[in-house]
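The residues making up each chain are set out below.
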Amino acid sequence: MINGTPDAMFRSLRIAASGLSAQRARLETIATNIANAETTRGPDGQPYRRRVVELQPRAFALDMPPAPTVETLFAMATPEGAARIGAAHGVDIAAIVEDPTEGPLVYDPGHPDADANGYVRYPNVRVTDEMVDLLDARRIYEANATVFQSAKAMLRRSLDI
């Protein structure tokens, strides 16, 4: 136990778990975007709009230094130091928002959703960008999973002492 509270022992597990949840939400949103990359008419009659997950730090103070110094990193090693400098204790999903940009307008007079001039508005989803975001989310997810497993192993070893 750190400072006599079992809560402090599990802080690293909670931080990694919040990262896992956030990246899972990103992965699901990206998969939905890719699945709807060709959907020209949704329930509202409009083309699908790309969705993006917005994340926010958990327990973040406004007076945190812009770039961590060596002293800041050492201070974050203790719960009191982390609270004093306003260190984040994980991440939360702030919102899942629609990207407001318009999708491409493609000339396809035979398409059922073509306008009077033969143009079809496609979704604003670019599959290559989604694949890059997918790789990014997957790697961050794997990093959080590694942190979670390492913290769990350290807690197990501490039981053997």
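(A) Molecular detail of the overall build of the protein chain. The number of helices and strands found in the protein chain is five helices and four strands. Reading the protein chain from its N terminus to its C terminus gives the helix and strand order α-α-β-α-α-β-β-β-α. Relative to all contacts within the protein chain whose residues are 6 or more apart in sequence, the contacts with residues 24 or more apart total 68%. Here the protein chain has roughly 10,600 Å² of accessible surface; of this, 59% comes from carbon and sulfur atoms.

(B) How the structure looks around the pattern of salt bridges. Under the definition given, this model contains 12 salt bridges. Glutamate 102 is the salt-bridge partner of arginine 121, the closest N and O atoms lying 3.5 Å from each other. Of this pair, arginine 121 sits in strand 4 (residues 119–121) while glutamate 102 sits in the loop between strand 2 (91–98) and strand 3 (105–107), placing them 19 residues apart in sequence. The exposure class assigned to arginine 121 is partly exposed, which follows from its relative accessible area of 30%. Accessibility expressed as a relative area gives 52% for glutamate 102, which makes it exposed.

(C) Just a nonpolar patch on the surface, in detail. Taken together, Leu55, Ile93 and Ile96 make up a surface patch of nonpolar side chains, about 240 Å² in accessible area. Relative to the helices and strands, isoleucine 96 is located in strand 2.

(D) Representation of the packing of helix 2 (residues 11–35) against helix 5 (residues 127–159). The geometry of helix 2 relative to helix 5 is characterised by a closest axis approach of 8 Å and an angle of 160° between their N-to-C directions. Relative to helix 5, the element helix 2 lies roughly antiparallel. Considering the relative orientation of helix 2 and helix 5, their crossing is left-handed. Across the contact of helix 2 with helix 5, the residue classes break down as 18 nonpolar, five polar and seven charged.

(E) Up close: the environment of proline 57. Mapped onto the elements, proline 57 comes out in strand 1 (residues 51–57). With a relative accessible area of 44%, proline 57 lands in the partly exposed category.

(F) Geometry of the side chain of arginine 26. Turning to its location among the elements, arginine 26 is positioned in helix 2. If sequence neighbours within four positions are ignored, arginine 26 has contacts with Val53, Leu55, Asp133, Asp136, Ala137 and Ile140.

Quick notes on the rules
Residues numbered from 1 in each chain as written. Predicted model: local features only at pLDDT ≥ 70, side-chain atom pairs only at ≥ 80, totals over all residues. Heavy atoms only, no water. Helix = DSSP H or I, 4+ residues; strand = E, 2+ residues; numbered from the N terminus. Contact = heavy atoms within 4.5 Å. Areas by Shrake-Rupley, 256 points an atom, 1.4 Å probe, with all protein chains shown as cover. Salt bridge = Lys/Arg side-chain N within 4 Å of Asp/Glu carboxyl O. Buried < 20%, exposed > 50% of the residue type's maximum accessible area, 1.4 Å probe, protein only. Patch = residues over 30% accessible without salt bridge, like charges linked within 9 Å, V, L, I, M, F, W, Y side chains within 5 Å. Axes fitted to C-alpha atoms, helices over the stretch in contact; angles between N-to-C directions. Parallel < 35°, antiparallel > 145°, perpendicular 65-115°, else oblique. Left-handed = near helix turned anticlockwise from the far one by under 90°. Nonpolar A, V, L, I, M, F, W, Y, C, P; charged D, E, K, R; others polar.

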